[in-house]
There are 2 protein chains.
Amino acid sequence: MRNGYNGKILHVDLTDPRWWIEEPDDLIYRKYLGGSALSSYFLLRDLKPGVDPLGPDNLLIFMTSVINGFPLSGASRYSAAGKSPLTGGFGESEAGGYWGPELKRAGFDGIILHGRASHPVYLFIHDGECEIRDARRYWGQLSGEVQEGLEEEIGDKRICVLQTGIAGENAVRFAAMTNQLRHYHGRTGLGAVMASKNLKAIAVRGTGRLIPADPETARRVLQWFRENYDHEADMRHKHGSANGLISLDQDGILPTRNFRDGSFECAKDISGQRMSETILVNRGTCFACAVACKREVAVPERGVEPKYGGMEYETIAANGSLCGVGDLKAIAEASQWLNRYVLDSISTGAVIAFAMECYEHGILTREDTDGIELVWGNGDAVIQMIHKIARREGIGDLLAEGVKRAAAKLGRGAERFALHVKGQELPMHEPRGKRGLSIAYATSPTGADHMEAPHDPFYESFGNYHHEFSQLGLLEPINRLDLGPEKVRAFFYTQMAWSLFNCVGMCDFVGVPLGVMALELLRDYVNAVTGWDMSLFELLKVGERANVMARLFNLREGFTAADDTLPQRMFEPLQNGALKGEAINREEFERALKLYYQMAGWDEQGVPTRAKLAELGLLWAVEGKDAK
Amino acid sequence: MRNGYNGKILHVDLTDPRWWIEEPDDLIYRKYLGGSALSSYFLLRDLKPGVDPLGPDNLLIFMTSVINGFPLSGASRYSAAGKSPLTGGFGESEAGGYWGPELKRAGFDGIILHGRASHPVYLFIHDGECEIRDARRYWGQLSGEVQEGLEEEIGDKRICVLQTGIAGENAVRFAAMTNQLRHYHGRTGLGAVMASKNLKAIAVRGTGRLIPADPETARRVLQWFRENYDHEADMRHKHGSANGLISLDQDGILPTRNFRDGSFECAKDISGQRMSETILVNRGTCFACAVACKREVAVPERGVEPKYGGMEYETIAANGSLCGVGDLKAIAEASQWLNRYVLDSISTGAVIAFAMECYEHGILTREDTDGIELVWGNGDAVIQMIHKIARREGIGDLLAEGVKRAAAKLGRGAERFALHVKGQELPMHEPRGKRGLSIAYATSPTGADHMEAPHDPFYESFGNYHHEFSQLGLLEPINRLDLGPEKVRAFFYTQMAWSLFNCVGMCDFVGVPLGVMALELLRDYVNAVTGWDMSLFELLKVGERANVMARLFNLREGFTAADDTLPQRMFEPLQNGALKGEAINREEFERALKLYYQMAGWDEQGVPTRAKLAELGLLWAVEGKDAK
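Residues numbered from 1 in each chain as written. Chains lettered and ligands numbered in written order. Predicted model: local features only at pLDDT ≥ 70, side-chain atom pairs only at ≥ 80, totals over all residues. Heavy atoms only, no water.

Trainee: Hey, could you run me through the overall build of chain A in this one?
Mentor: In terms of helices and strands, chain A carries 25 helices and 16 strands. Along the longest, intermediate and shortest principal axes, the C-alpha atoms of chain A span 60 × 55 × 50 Å. Each of the 628 residues in chain A was classed as buried or not, and the buried ones make up 70%. Relative to all contacts within chain A whose residues are 6 or more apart in sequence, the contacts with residues 24 or more apart total 68%. Of the roughly 19100 Å² of accessible surface on chain A, a fraction of 46% belongs to carbon and sulfur atoms. Here chain A carries 70 positive and 84 negative side-chain charges, and the mean point of each set is 1 Å from the other. (Helix = DSSP H or I, 4+ residues; strand = E, 2+ residues; numbered from the N terminus. Buried < 20%, exposed > 50% of the residue type's maximum accessible area, 1.4 Å probe, protein only. Contact = heavy atoms within 4.5 Å. Areas by Shrake-Rupley, 256 points an atom, 1.4 Å probe, with all protein chains shown as cover. Lys, Arg positive; Asp, Glu negative; His and termini not counted. Charge placed at Lys NZ, Arg CZ, Asp CG, Glu CD.)

Listed below in structure tokens is the structure:
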């Protein structure tokens, strides 16, 4: 094998059950690296445009990277990709954990799933082999049962299990996938794609060893990290990803009551700090990661057990402040159900908040909700709605379609309350207070997404700007409310870096916000592992390449510049908090958007120019030539 | 002082004799670094558009860089800049040697000259002081006399003297400037600008010490260089820059007889190897450079003495093969006169070759030449023409205008033989055989120029592509006759690197062709010296910024896309040699040019888009805001 990667992609045809191995050229690995970019390469090459996302013609891809499986903190992430049933466009979502490294050790860099099995199956992949096994007994089971069942059936506790859940089986458009019950491919509904293929799970086990090309340099990078990362001072370790919830509230940008408000009166009650003081029982981590931001919580009176992991910031905000819920224990129970059904916690919370606002305005009534009092702050109502959505019961059947489709069906002004871009619900970051996000949400190929583009690189209250931004030549702070040319440029540059993270599988909790993982160090590690001589320039171009490929994917699915927009509420004033009265100016937003297009090398219709495709080596994708 | 640079720019007003110091913000140094970019910053900021290049309103700028003066091989170069009397546009030309480092040690990073002295003066700059002294006695002297005179007058052999020559005094449009008699700002006629200001010379002497921010890393880079650079194997050291002349001939791309031919029957006789065997008496070098590519030659029977240095490839080809001259000793004498008069050896050879072809076709006659037999191969005629041009005697007065103006005056089809772009004569590299050069020449802001853009990065017969190109993600060789999208991309990327060299003052003899100086190492050195954390991405963006600024300069002087062209001969077949019959296809060239515009972020008229200016932080230059 090569250094860094196996050079092997596993193809599995579920319709006509068989598997085969593709061995891409080394140049393909260097050009695409893995994750988002390498997935997009296969999607643009092998997926026919216009297919039904939930039909057998869709592809489902899992892709690690050239550094995945090596012991760098934050580098355990991998991508899932396919056509999204939520947006009808580019579907992609990353997860951390141990599954990616295990797949690498099992001899594969990625998996491409074709077709649809005649009955529920699971894959057992181990050391270069792939078995397609019966999974009928697991269909309809909660995720914890599936995990245990597979561990028992295979008889090896060391297997890593990736699975779709009941929500996926019921084709909830924002169904997720999980590995080891606590690492999620949350967004874009790929859990429904997996279930539509009658594929319940992929268990992997590998005993191979990954050898870096330059062990000395690889060790030096890890040593630098050890010496420079202050574990104890890291609030992400201490209080999880919700460590900053209180300051978001103070800054007036904690999404509250369906983005009507920017401040939540119970913010402290649902903070990472409060979690640490009350229900936290343990901390968890991903493969080889020193940050250990993962939580384990227990709430015996609500049946919450540690094995499903604890709550991320996104889950707390979406099912907490966004629904006006200030009861951390209720949120913990909601979270556990989201995990048991394997639902995207962001879209689920968002669709419930949408329903609550519809309820407030009489667009939905108690009759519609089967008697559930769907009012702000009702934590148990949130939990009940999760059951209904996952099982598509009653109003859950409508909400399982996501806010865009639900609002269209409801009519009566419900669109006002449907906060989405391209059909995907807004994550828990407020564009009105971090204006760079307005461009990020509007142009993200997956719809509103906090993992496809940086939040707002110069959010002033972070105090200082990060080392890796100055490495890009971004030297002066920019006000978070600014949306002028300098903000657009900062967004464009940092977006390349963020996208790069999604290609190499680097966690932005390690890669950016802590400032401990300078971009040049990531370059050093990529080179140490692979033996290449990539510069940060080349690496950032891979990030840009991934963005453009995803854009091409959406264009051929019929998206246009008109889809690069924001929900109306973003142009209306925040109703409370430190930024009360702040709204995005629509003209300023549109100017910034057009400037971004031009900066990105896209024409006025948002189509990448021929020169941009030539620059990024992507002409093949539009000219029908051999993919390379 | 800061690490790496003094933070001081010396302004001198020659009209109302006085000087003052400007202290730019540190951000200016990081954003522009020095050389071409920092000169352009001051030109765009301080020079009014439309001025007479030879009038008092033109500026003449000398600019070192943040690493100039530190002992890295190849890093001794600095820029001269102003409005060119040859092209009417961006005038810029770099020289190596010792003058730049001496200026740094004297406490200044650059000099900006304003106005015109009432009588010939010279500047004596020493340790933070500037004296404006009488230079009337030096006016009309050959460069060697001026050098000696100033050394004697100042009484210090350690001064470094930069001067313009008799050619500049006579406003020859391609007059050069020299430092220490052997390092030349050859192109764009800035020697005439210097003389137009009645400024004969700038003598500098400094005793300051430059301290790197991180001496340990700086040492490590130098050590890497020592360990990896094989002095004895380097043909540039052994045979000078003309070491490759024979292989150019074999490849059919040695400019011969005014670019009519690609092969010269006497190539071996004028090669660097032949020089080593015959007239070479010593090798010279620039400040702290291990390459030592400089020559010293002696031809007693022709009065050629070593102090003026020996011949570069460009000088040999322009005054040798381009004029059909195969007599190395005659070329050595020609070269010495070029250096004594301080003329651009490329444009001078080219204008003589032009005249020879006109002579061949009867457009010029023996009467016009005062009896000189201006035929291919007449080395003494070349020397006689150099005298005439430098002194603007007889036909020399016409040829001193450059081929473009001379052809326009001559009429009678002379334009066919005038090989220039934007008024500047083609250097000695053949676009028909290295097609990337066609875009380089057409778009270079100084007109046809081999220092503003890379030759052809994937010239196949180099055998292997260079380390630093793979660092840019250029991973596959491209045929030298190719002019498709991949070549355009390779040109665009390597152009940024080349331009970067002109900003930091790195010699491409060290930086690229030898492959010993990887780009990332240059980054390490910039950071070690300055204490910054620049990435190669940021550095390349400085290179791109410099290109765009020069473009803006030309646009405001009235240049348009129509000026981005090639002489007709490039679209006609080579008449002999390995590429006999090869021509550039005009449609292919125009397609490539348009693709380059788009890739560079320029509109169809070749104007940088607002987004490109925003990205590079250059909106100030078009929006009339404060320069920054």
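Trainee: Help me out: how do you make sense of the state of the cysteines in this one?
Mentor: Covalent bonding between the sulfur atoms of two cysteines is what defines a disulfide. Residue and element names in this part refer to chain A. According to the stated counting rule, one finds zero disulfides over all chains in the structure shown. Of the cysteine sulfurs around Cys-323, a residue in no disulfide, the closest is that of Cys-358, at 12 Å. Here Cys-323 falls in the buried class, since its relative accessible area comes to 0%. What makes Cys-358 buried here is its relative accessible area of 0%. (Disulfide = S-S within 2.5 Å.)

Trainee: What exactly am I supposed to notice about the interface of chain B and chain A here?
Mentor: Interfaces are often sized by the accessible area lost when the parts come together. Listed per partner, the contact involves 36 residues of chain B and 36 residues of chain A. When the two sides are added together, the surface that chain B and chain A hide from each other amounts to roughly 3200 Å², 59% of it contributed by carbon and sulfur. It is B:Asp533, B:Phe537 and B:Glu615 in chain B that bury the most area against chain A; as a group they hold 20% of the surface buried on that side. Our enumeration of links across chain B and chain A arrives at four salt bridges. Linking A:Glu486 and B:Lys628 is a salt bridge whose minimum nitrogen-to-oxygen distance equals 2.8 Å. The interface formed by chain B and chain A contains 18 residue pairs in polar contact (both at pLDDT 80 or more). Put simply, the parts of the chain that give the side of chain B that touches chain A at least two residues each are α1 (26-32), α18 (467-470), α19 (485-504), α21 (519-530), α22 (536-556), α23 (586-600) and α24 (610-615) of chain B. (Buried area = accessible area lost by both parts, 1.4 Å probe. Salt bridge = Lys/Arg side-chain N within 4 Å of Asp/Glu carboxyl O. Polar contact = N/O pair within 3.5 Å; in protein donor to acceptor, adjacent residues only side chain to side chain.)

Trainee: Looking at this structure, how should I read the relation of the copies chain B and chain A?
Mentor: The pair of chain copies shares a relation made of a rotation about an axis and a shift along it. Take chain B, turn it by 180°, move it 0.0 Å along the axis, and it overlays chain A with an RMSD of 0.0 Å. What the rotation and shift describe, once combined, is the action of a two-fold rotation axis. Considering only C-alpha atoms, the part of chain B nearest the rotation axis is B:Phe537, at 2.2 Å. Take the interface residues of chain B: 100% of them recur as interface residues in chain A, which is what a same-surface contact looks like. (Least-squares fit on C-alpha atoms with pLDDT ≥ 70 in both.)

Trainee: Explain unusual backbone geometry to me, please; I cannot follow it from the model alone.
Mentor: Trans peptide bonds make up the majority, and among non-glycine residues the majority have a negative phi. Look at A:Arg412: it is not a glycine, yet its phi comes out positive at around 50°. When its relative accessible area of 57% is taken as the criterion, A:Arg412 is described as exposed. One non-glycine residue, B:Ala292, adopts positive backbone phi at about 50°. Within the fold, B:Ala292 resides in the loop between β13 (280-284) and β14 (294-297). A relative accessible area of 12% places B:Ala292 in the buried class.

Trainee: Please explain the sheet that holds strand β5 (residues 90-95) of chain B as it appears in this structure.
Mentor: Two strands in a sheet stick together by hydrogen bonds in their backbones, pointing the same way (parallel) or opposite ways (antiparallel). All names here are of chain B. Reading across the sheet, the six strands line up as β2-β1-β6-β3-β4-β5 and stay open at both edges, with mixed pairing between neighbours. Looking at the sheet topology across the chains shown, the edges are occupied by β2 (18-22) and β5. With direction set aside, neighbouring strand axes in the sheet form an average angle of 15°. Across six bridges, the pairing between strand β4 (residues 78-83) and β5 is antiparallel. Looking across to β5, one finds that Lys-83 is bridged to Phe-90. Of the strands in this sheet, β1 (9-13), β2, β3 (60-63), β4, β5 and β6 (110-114) touch helix α2 (residues 35-46), which is tilted by about 150° from β3. (Pairing = 2+ DSSP bridges. Axes fitted to C-alpha atoms, helices over the stretch in contact; angles between N-to-C directions.)

Trainee: Which parts of the structure should I look at to understand the environment of A:Pro306?
Mentor: All names here are of chain A. Counting through the fold element by element, Pro-306 comes out in the loop between β14 (294-297) and α11 (313-319). Between the C-alpha atom of Pro-306 and that of Val-510, which follows or precedes it by 204 residues, the distance is 24 Å. Other than its neighbours up to four places away in sequence, Pro-306 contacts Arg-182, Val-281, Glu-296, Val-297 and Ala-298.

Trainee: Hey, could you run me through the pairing of β14(B) in this one?
Mentor: Within a regular beta strand, the side chains point alternately toward one face of the sheet and then the other, so they alternate between its two faces. Residue and element names in this part refer to chain B. Residues Lys-294 and Glu-296 line one face of β14 and the alternating positions Arg-295 and Val-297 line the opposite face, and both faces are buried. Looking at chain direction, β13 and β14 are connected through four bridges and run antiparallel. When the bridges of β14 are listed, Leu-280 appears paired with Val-297.

Trainee: Any chance you could explain helix α22 (residues 536-556) of chain A here in plain terms?
Mentor: Since the α-helix advances by 3.6 residues per turn, residues separated by three or four positions end up pointing in the same direction. Given a rise of 1.5 Å per residue, 21 residues ought to cover 30 Å, and the 30 Å separating the end C-alpha atoms of α22(A) matches this to within 8%. Just past α22(A), the residue A:Gly558 takes up positive phi, approximately 100°. (Expected span 1.5 Å × (residues − 1).)

Trainee: Help me out: how do you make sense of the domain arrangement of chain A in this one?
Mentor: Residue and element names in this part refer to chain A. What the domain assignment lists for chain A is domain 1 (9-205), domain 2 (231-425) and domain 3 (436-623). A C-alpha centroid distance of 26 Å is found between domain 1 and domain 3. The partner domain 3 presents 41 residues to the 40 residues of domain 1 that form the contact. Between domain 1 and domain 3 lies a buried interface of about 3400 Å² when both sides are counted; carbon and sulfur atoms form 65% of it. By the criterion of area lost to domain 3, the three top residues of domain 1 are Arg-30, Leu-44 and Phe-90, representing 23% of everything that side buries. The shortest N-O distance in the salt bridge between Glu-557 and Lys-83 comes to 2.7 Å. Applying the counting rule to domain 1 against domain 3 returns 18 residue pairs in polar contact (both at pLDDT 80 or more). Here the element with the most residues in the side of domain 1 that touches domain 3 is helix α2 (residues 35-46); it accounts for eight residues. Looking at the side of domain 1 that touches domain 3, its residues break down into 16 nonpolar, 14 polar and ten charged. (Domains from an automatic or database assignment. Nonpolar A, V, L, I, M, F, W, Y, C, P; charged D, E, K, R; others polar.)

Trainee: Explanation requested: helix α16 (residues 402-410) of chain B in the structure shown.
Mentor: Residue and element names in this part refer to chain B. All of the buried residues in α16 are Gly-402, Val-403, Ala-406, Ala-407 and Leu-410. Each buried residue of α16 lies within a common arc of 150° when the element is viewed along its axis, so the set occupies one face. Relative to its buried face, α16 has exposed residues pointing more than 90 degrees away, namely Ala-408 and Lys-409. Contact partners of the buried residues in α16: α13 (345-360), α15 (395-399), β15 (420-421) and β16 (424-425). (Arc of directions from axis to C-beta.)

Trainee: Please clarify how the pairing of strand β12 (residues 199-205) of chain A should be interpreted in this entry.
Mentor: All names here are of chain A. Among the seven residues of β12, seven are classified as buried, and the element is accordingly described as predominantly covered. Summarising the sheet, strand β7 (residues 121-126) and β12 pair through six bridges and their orientation is parallel. Across the sheet, the residue bridging to His-126 is Arg-205, located in β12. Where strand β9 (residues 160-164) and β12 come together, four bridges link them in antiparallel fashion. By the bridge assignment, Leu-162 is partnered in β12 with Ile-202.

Trainee: Can you help me understand the packing of helix α19 (residues 485-504) of chain A against helix α23 (residues 586-600) of chain A in this one?
Mentor: Each packed pair of helices is defined by two parameters, the angle between the axes and the distance between the axes. All names here are of chain A. The N-to-C vectors of α19 and α23 enclose an angle of 45°; their axes lie 10 Å apart at closest approach. With respect to their mutual orientation, α19 and α23 come out oblique. Crossing hand, α19 versus α23: right-handed. Contacts from Pro-485, Val-488, Arg-489, Phe-491, Phe-492 and Gln-495 in α19 reach Ala-592, Leu-595, Tyr-596, Met-599 and Ala-600 in α23. In the contact of α19 with α23, the residues fall into nine nonpolar, one polar and one charged. (Parallel < 35°, antiparallel > 145°, perpendicular 65-115°, else oblique. Left-handed = near helix turned anticlockwise from the far one by under 90°.)

Trainee: Sorry if this is basic, but what is going on with the environment of B:Glu92 here?
Mentor: Residue and element names in this part refer to chain B. Position of Glu-92 among the secondary structure elements: in strand β5. Filtering out sequence-adjacent residues up to four positions away, Glu-92 remains in contact with Ser-36, Ser-79, Ala-80, Ala-81, Arg-187, Thr-188, Leu-190, Thr-446 and Glu-452. Polar contacts involving the side chain of Glu-92 include one to the side chain of Ser-79, which spans 2.4 Å.

Trainee: I would appreciate a short explanation of the sheet that holds strand β8 (residues 129-134) of chain B in the present structure.
Mentor: Residues and elements named next belong to chain B. Read across the open sheet, the six strands follow the order β8-β7-β12-β9-β10-β11; overall the sheet is mixed. With partners counted over all chains shown, the strands left at the sheet margins are β8 and β11 (183-185), one partner each. On average, adjacent strands in this sheet sit at an angle of 20° to one another, irrespective of strand direction. As defined by bridge partners, strand β9 (residues 160-164) adjoins strand β10 (residues 177-179) across three bridges and the pair is classed as antiparallel. Residue pairing across strands places Leu-162 opposite Asn-179, the latter belonging to β10. Along the sheet, helix α4 (residues 143-154) contacts β7 (121-126), β8, β9 and β12 (199-205); its crossing angle with β9, the most-contacted strand, is approximately 140°.

Trainee: It is not clear to me how the pattern of salt bridges should be interpreted in this structure. Could you clarify?
Mentor: Any two side chains of opposite charge can pair, so long as their charged atoms come close to each other. Throughout the structure, instances matching the rule amount to 108 salt bridges over all chains. For A:Arg105, the salt bridge goes to A:Glu102, with nearest N and O atoms at 2.7 Å. With A:Arg105 and A:Glu102 both in helix α3 (residues 99-105), this residue pair falls three residues apart, about one helical turn. For A:Glu102, a relative accessible area of 4% corresponds to the buried category. Of the charged contacts in the structure, one is a salt bridge between B:Arg523 and A:Glu520, with a shortest N-O distance of 3.2 Å. Of the two residues, B:Arg523 is situated in helix α21 and A:Glu520 in helix α21 (residues 519-530); the pairing between them involves two chains. Through salt bridges with shared partners, a single ionic network connects A:Glu520, A:Arg523, A:Asp524, B:Glu520, B:Arg523 and B:Asp524.

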